[in-house]
Amino acid sequence: MEPYKILYQGGQGELVEKKSRFIATIRPVKSEEEAMAFVEETKKKYWDARHNCYAWVIGERGQISRCSDDGEPAQTAGRPMLDVLLGEGLRDVCAVVTRYFGGTLLGTGGLVRAYSGAVQEGLRRSVIVEKLPGKRLHILTDYNGIGKIQYVAGQMEVFILDTEYTDQVAVTLMAPLSLADQLTARITERTAGKARIEDEGTLYYGITGGKMVLFED
């Protein structure tokens, strides 16, 4: 499991170049079918536009990518859009740029700058999250041990997902994969081996707005 960035929440940006409007709409997608459906949805919304160019990157390693100039000169729209997505290292993302022609030809360089710039504007208004590999740990301890576990978690900047108090204390932690073994060892040491630690498996998590997001799929 390697870290990678995804579009967590889509957005829309716009720029105007010599009276031509370039509207970029960015959305998270999980498959080519979902991406194509988004493209078709955007074309219907902007049915009177001259062009709806698109690009997408899908998969943990970006193994699926596609782009279209939609009638613009070859390599002036879709490819520059795709280059922006790849340059940001994004996965599971589709960008559609809608162009309303303003009456003035922009030339090859102008088109490349406009389409890539529109995607950048859209991304600035989106939420990007880095998916990080982690290990979820479920820990059972007595009341004497909870403060020690909280201290270790705080020292190692590990998120506490849940704490349940009954006749004992159950704590669920999300540890970066690279720190999981060290965290387990330190908790065992601090609680003199009294804490029972269960490995609940590895999964991806991310941080947005200071909060943790878990990705179960």
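Keep in mind it's a predicted model, so treat the numbers as computed, not measured.

Student: Hey, could you run me through the sheet that holds strand β4 (residues 51–58) in this one?
Tutor: Within a sheet, each strand pairs with its neighbour through backbone hydrogen bonds, oriented either parallel or antiparallel. Taken in spatial order, the five strands line up as β2-β3-β7-β4-β5 in an open sheet, and their pairing is antiparallel. The sheet is open, and its two borders are formed by β2 (11–17) and β5 (64–68), each paired with just one other strand. When strand polarity is set aside, the average angle formed by the axes of neighbouring strands in this sheet is 15°. Two elements, β4 and strand β7 (residues 93–100), share seven bridges in a ladder whose sense is antiparallel. In the strand pairing of β7, His-51 is matched with Arg-99. Set on the sheet, helix α2 (residues 78–87) makes contact with β4, β5 and β7; between it and β4 the angle comes to about 35°. Packed on one face of the sheet, helix α3 (residues 107–124) meets β2, β3 (20–28), β4 and β7 and runs near 45° to β3.

Student: What is the right way to read the nonpolar core from this model?
Tutor: Note on soluble globular proteins: their nonpolar side chains tend to be buried together. Leu-85 and Val-119 are the most contacted members of the largest nonpolar core, which totals 24 residues. Among the elements that take part in this core, α3 stands out by supplying six residues, more than any other.

Student: Please explain α3 as it appears in this structure.
Tutor: For α3, built from 18 residues, the straight-helix expectation of 26 Å at 1.5 Å per residue is met to within 8% by its first-to-last C-alpha distance of 26 Å. Of all the positions in α3, only Gly-110, Leu-111, Ala-114, Tyr-115, Ser-116, Gly-117, Ala-118, Val-119, Glu-121, Gly-122 and Leu-123 are classed as buried.

Student: What exactly am I supposed to notice about the packing of α2 against α3 here?
Tutor: Each pair of packed helices can be summarised by the angle the axes make with each other and by the distance between the axes. Following both chains from N to C, one finds α2 and α3 inclined at 40°, their axes separated by 8 Å at the closest point. Considering only the axes of α2 and α3, their crossing is right-handed. Contacts between α2 and α3 involve Pro-80, Met-81, Val-84 and Leu-85 from the former and Val-112, Tyr-115, Ser-116, Val-119, Gln-120 and Leu-123 from the latter. Residue composition of the contact of α2 with α3, by class: eight nonpolar, two polar and no charged.

Student: Honestly, the pairing of strand β11 (residues 196–208) in this entry has me stumped. Any pointers?
Tutor: Across eight bridges, the pairing between strand β8 (residues 127–141) and β11 is antiparallel. What sits directly across from Pro-133, in β11, is Tyr-204. Here β11 runs beside strand β12 (residues 211–215); their pairing, made up of five bridges, is antiparallel. Bridge pairing in β12 places Gly-206 opposite Val-213. Two successive antiparallel strands, β11 and β12, enclose a turn made up of two residues, where Gly-209 displays a positive phi of approximately 60°.

Student: Hey, could you run me through the pattern of salt bridges in this one?
Tutor: Between side chains of opposite charge, pairing is possible as soon as their charged atoms come close. All told, the structure shown has 10 salt bridges when counted by the stated rule. Residue Glu-72 is joined to Arg-99 by a salt bridge in which the shortest nitrogen-to-oxygen separation is 2.9 Å. Taken together, the residues Glu-72 in the loop between β5 and α2 and Arg-99 in strand β7 connect sequence positions 27 residues apart. Across the pair, exposure class does not vary: Glu-72 and Arg-99 are buried alike. We note a salt bridge from Arg-79 to Asp-83, for which the minimum N-O separation is 2.9 Å. Within this pair, Arg-79 and its partner Asp-83 are both found in helix α2, separated by four residues, close to a single helical turn. Since its relative accessible area comes to 33%, Arg-79 is described here as partly exposed. On the basis of relative accessible area, Asp-83 is assigned to the partly exposed category, the value being 39%. Sharing partners across several salt bridges, the network here consists of Glu-121, Arg-124 and Arg-125.

Student: Would you mind going over the side chain of Thr-42 with me for this structure?
Tutor: Inspection of the secondary structure puts Thr-42 in helix α1 (residues 32–45). Judged by relative accessible area, which is 5%, Thr-42 ranks as buried. Ignoring any residue separated from it by four or fewer positions in sequence, one finds Thr-42 in contact with Asn-52, Val-96 and Thr-98.

What counts as what
- Residues numbered from 1 in each chain as written.
- Predicted model: local features only at pLDDT ≥ 70, side-chain atom pairs only at ≥ 80, totals over all residues.
- Heavy atoms only, no water.
- Pairing = 2+ DSSP bridges.
- Helix = DSSP H or I, 4+ residues; strand = E, 2+ residues; numbered from the N terminus.
- Axes fitted to C-alpha atoms, helices over the stretch in contact; angles between N-to-C directions.
- Contact = heavy atoms within 4.5 Å.
- Core = buried A, V, L, I, M, F, W, Y, C linked by side-chain atoms within 4.5 Å.
- Buried < 20%, exposed > 50% of the residue type's maximum accessible area, 1.4 Å probe, protein only.
- Expected span 1.5 Å × (residues − 1).
- Left-handed = near helix turned anticlockwise from the far one by under 90°.
- Nonpolar A, V, L, I, M, F, W, Y, C, P; charged D, E, K, R; others polar.
- Salt bridge = Lys/Arg side-chain N within 4 Å of Asp/Glu carboxyl O.

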